[in-house]
Amino acid sequence: ADDIRDFQIEEMSIGDSLLDYFNKEKITNNIQEYYNDDEYSAVVFASSSVEYDFIQIHFKTYDKKFIIHSLDGIFKIESIKSCIKKKDKIAKEISEVFSSLTKEARDGWNMASGQGKLYGVMYKFSSGDFIEVVCYEYKEELKKPNHGRVAIVKKDLDDWIVYKAHK
């Protein structure tokens, strides 16, 4: 497995059309207002799997086919410590399937939004696309729920999040 499209979350993958899984009305009614730039949009749906509580999906806002640029399986956590334990277990499984990928562990780095810290492992493809398993720890004053996620992300979307989305 050395193509990001080989990794699936709830049977969806990068490059698929969201319209194969949801109707247009459900997609447009679930768009989240996270960003200051509108090049991409994110939708969140309740998950039907036991692994995740929610699924978050990014696509180019004006793409009529709603092609998936990222998929995140989000899971609730009891604590950052328990999340890190689960992250390590999932990362081990990913390492077994994607053994040829460059693996980079990063703990305590700042979120692009500036809202907290991240603890995770990233698996990079030669294209710059990546899979990551991350625990999100928000600043206490934000009163946002800490959580974990498994994400498959295209490089173009990541560049947008880092350099444009929160400007």
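Residues numbered from 1 in each chain as written. Predicted model: local features only at pLDDT ≥ 70, side-chain atom pairs only at ≥ 80, totals over all residues. Heavy atoms only, no water.

### Observations regarding the overall build of the protein
Within the protein, the secondary structure is distributed over three helices and eight strands. Each helix and strand of the protein, placed in order from N terminus to C terminus, yields the pattern α-β-β-β-β-α-β-β-β-β-α. On C-alpha atoms alone, the protein measures out to a radius of gyration of 15 Å, which is about the 15 Å that the 2.2 N^0.38 rule sets for 167 residues. Taking the principal axes of its C-alpha atoms as reference, the protein extends roughly 40 × 40 × 30 Å. (Helix = DSSP H or I, 4+ residues; strand = E, 2+ residues; numbered from the N terminus. Rg over C-alpha atoms; globule rule 2.2 N^0.38 Å.)

### Comments concerning the environment of I68
Here I68 shows up in strand β4 (residues 68–76). Along the primary structure I68 and M12 are separated by 56 residues, whereas in three dimensions their C-alpha atoms are 8.7 Å apart.

### Description of the layout of surface pockets
In this structure, the largest pocket spans a volume of roughly 1,100 Å³. Around the largest pocket sit 40 residues that line it, and Q56, Y136, Y138, R149 and I161 are the ones nearest its centre. Those elements that place two or more of their residues in the lining of the largest pocket are β3 (54–60), β4, β5 (102–110), β6 (116–124), β7 (130–138), β8 (147–153) and α3 (155–165). The element best represented in the lining of the largest pocket is α3, accounting for six residues. Looking at the lining of the largest pocket, its residues break down into 19 nonpolar, ten polar and eleven charged. Counted as a void, the second largest pocket has a volume near 450 Å³. If you go around the second largest pocket, you meet 23 residues; those closest to its centre are I9, E10, S49, E51 and Y52. (1 Å grid on protein atoms, 1.4 Å probe; cavity = no way out; pocket = protein on both sides within 12 Å on 5 of 7 lines; lining within 4 Å. Points joined across faces, edges and corners; volume = space filled by probe spheres on them. Nonpolar A, V, L, I, M, F, W, Y, C, P; charged D, E, K, R; others polar.)

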